[in-house]
Each structure stands twice: as C-alpha cells, then as structure tokens.
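Take a look at the letters that make up each chain.
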Amino acid sequence: MTVLPRAFAWQRTDTTGGEFVTLDDRRGLRAKGVAFAADHALYSCRYELYTDEGWASTRLEVAVEGAGWLRTLRMERAAGRWRVTTSEQGDLGRVLPTAPISGIEEPDRLHAVLDVDLYNSPLTNTLPVRRLGLQKAQPGTIVTIEAAWVLLPSLAVLPLDQSYEVLGPRRVRYRSETFTAELELTDDGYVAEYPGLATLA
C-alpha cells in the first residue's frame, strides 16, 4: 500500500459530514479520500482520483454505501475519450426514490471534459484551479470549463459548465448555472473556505 505525503480534512458547514483525503501532488495529483454526509440520505463515500502531470483528470473511482445499498463508479479518460462503468448492490431507490441511475448513458457527452467534480467535495475544485494556474493568475482572470459532475449518493454523471473568476490573492468566484460561491484558497490552490459548504480543518 502506497503512503501518500499530504493530508487535508474539511468539516461540512451545511449538514453533518466531512471529508478526509491523503494525496501526492508533486507531479499532478493522486488522491484517496473518504467523505460522509447526511444531506439527501445517510451515506459514506470512498474515492481515488488521478490526474496527469498537467492536472487534467484521468481516472476517478468511487464507492458510495448506505443502509441496504452500495453503488460504484469508475471513470477513465484515455485517447481523449471517457469510459464509464458502474455497479449496484441493494436498492438506493428504496431510501431515496428520486435517485437517478448511476453513470451516464452517453459518455461521448463528456468529450470536452478535463475535470471531474465530485458532489460537495472541496478537493475537486482544486483540479481546474491548478490545471489552469488560477492560484497565480491576475485578478479579473475568468475561465470557463466543462466538468463531469458526479452526483452523490446516486453517482449519476452530468456534463456541467462552470466558471472561475480570480478575485485576488487566494480568492476565486465559482459559478455554475445559477449557483455562485466565493472560495478562499490556500497558497497552493486547495479550498480553505467554501461558504455554505465546508471549511478546512
């Protein structure tokens, strides 16, 4: 088992929950994390996330578990295309009747995606920040990306337009559809404060 040299923990501020991750960010990112929350249904989430040296996402593996159900998702990008596979045991629909199916029916909809965004995970906001160098960019810099938004606890995958605007040192404004949040970052681009969601422990 590989020992990873850095660790972060976030405390959820909107519900009972938190996230802990160990990672190596010396040449891109390799991260292993665990999160739990009680927002839509009580669940725990374990994930592994990998990027290339330029911080473009290459693989995400997620397992989400609750009372009487377990879902898994594997996303892998190679030769410019995403491959998405899923599995399910038990029945999340009995606990959360509105839960969509996991994965995505047409992975080609993700053809432009270089970033994954795990639902309510502060870690994954760092991916476009580091990939595009926003932690060092001038105030007023605005970038728009398309991310693969992985919903929890369902593990449904949706392409989602997002934008990041540099406001000043260690501050960016994140926008997606009608949602906006001003994020405080660490010097190396990790989320220190996500208003209404989480704070770095």
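Summary of the structure given here. Every value quoted in this text rests on a predicted model; they were computed, and no experiment measured them. (Residues numbered from 1 in each chain as written. Predicted model: local features only at pLDDT ≥ 70, side-chain atom pairs only at ≥ 80, totals over all residues. Heavy atoms only, no water.)

The next thing to look at is the pairing of strand β10 (residues 157–168). Remember that side chains alternate between the two faces of the sheet whenever the strand is regular. Of all twelve residues in β10, nine are buried, a share of seventy percent or more. As defined by bridge partners, β10 adjoins strand β11 (residues 171–176) across five bridges and the pair is classed as antiparallel. Bridging across to β11, tyrosine 164 finds its partner in tyrosine 174. Adjacent in sequence and paired antiparallel, β10 and β11 are bridged by two residues, among which arginine 170 carries a positive phi angle near 60°. (Buried < 20%, exposed > 50% of the residue type's maximum accessible area, 1.4 Å probe, protein only. Helix = DSSP H or I, 4+ residues; strand = E, 2+ residues; numbered from the N terminus. Pairing = 2+ DSSP bridges.)

Evaluation of the coordinates by the stated rule reveals 19 salt bridges. Between aspartate 188 and arginine 6 there is a salt bridge; the shortest N-O distance is 2.8 Å. Taken together, the positions of aspartate 188 in the loop between β12 (179–185) and β13 (191–194) and arginine 6 in strand β1 (residues 6–12) put the pair 182 residues apart, joining distant regions of the chain. Across the pair arginine 81 and aspartate 108 runs a salt bridge whose closest N-O atoms are separated by 2.8 Å. Here arginine 81, found in strand β7 (residues 81–90), pairs with aspartate 108, found in the loop between α1 (92–95) and β8 (115–118); they are 27 residues apart in sequence, far enough to count as distant. Since its relative accessible area comes to 52%, arginine 81 is described here as exposed. Given the relative accessible area of 47%, aspartate 108 is considered partly exposed. (Salt bridge = Lys/Arg side-chain N within 4 Å of Asp/Glu carboxyl O.)

Now for the packing of aromatic side chains. The final tally for this structure, using the stated rule, is six aromatic pairs. Between the aromatic rings of tyrosine 164 and tyrosine 174, the centroid separation amounts to 5.2 Å while the plane-to-plane angle is 55°, which identifies the pairing as tilted. Here the residue tyrosine 164 occupies a position in strand β10, and tyrosine 174 occupies one in strand β11, the gap between them amounting to ten residues. According to the relative accessible area criterion, tyrosine 174 is buried, its value standing at 5%. Put simply, the rings of Tyr164, Tyr174, Phe179 and Tyr194 pair up and form one aromatic cluster. Taking NZ or CZ as reference, arginine 59 lies 4.1 Å from the ring centre of tyrosine 50, over its face. (Phe/Tyr/Trp six-rings, centres within 6.5 Å; stacked < 30°, edge-to-face > 60°. Lys NZ or Arg CZ within 6 Å of the ring centre and 35° of its normal.)

On to the environment of arginine 175, then. For arginine 175, the position within the fold is in strand β11. On the basis of relative accessibility, which here comes to 34%, the residue arginine 175 falls in the partly exposed class. Residues arginine 175 and aspartate 161 lie 14 residues apart in sequence; the distance between their C-alpha atoms is 8.6 Å. For arginine 175, the contacting residues outside a window of four places in its chain are Asp161, Gln162, Ser163, Glu165 and Thr180. (Contact = heavy atoms within 4.5 Å.)

Another aspect to go through is unusual backbone geometry. The step from leucine 152 to proline 153 runs through a cis peptide bond, and the omega angle for that step is 5°. Tracing the backbone shows proline 153 in the loop between β9 (142–150) and β10. A positive phi angle, close to 55°, is found at alanine 79, a residue other than glycine. By the element assignment, alanine 79 lies in the loop between β6 (69–78) and β7. The exposure class assigned to alanine 79 is exposed, which follows from its relative accessible area of 85%. Although it is not a glycine, leucine 155 adopts a positive phi angle of roughly 65°. Secondary-structure assignment places leucine 155 in the loop between β9 and β10.

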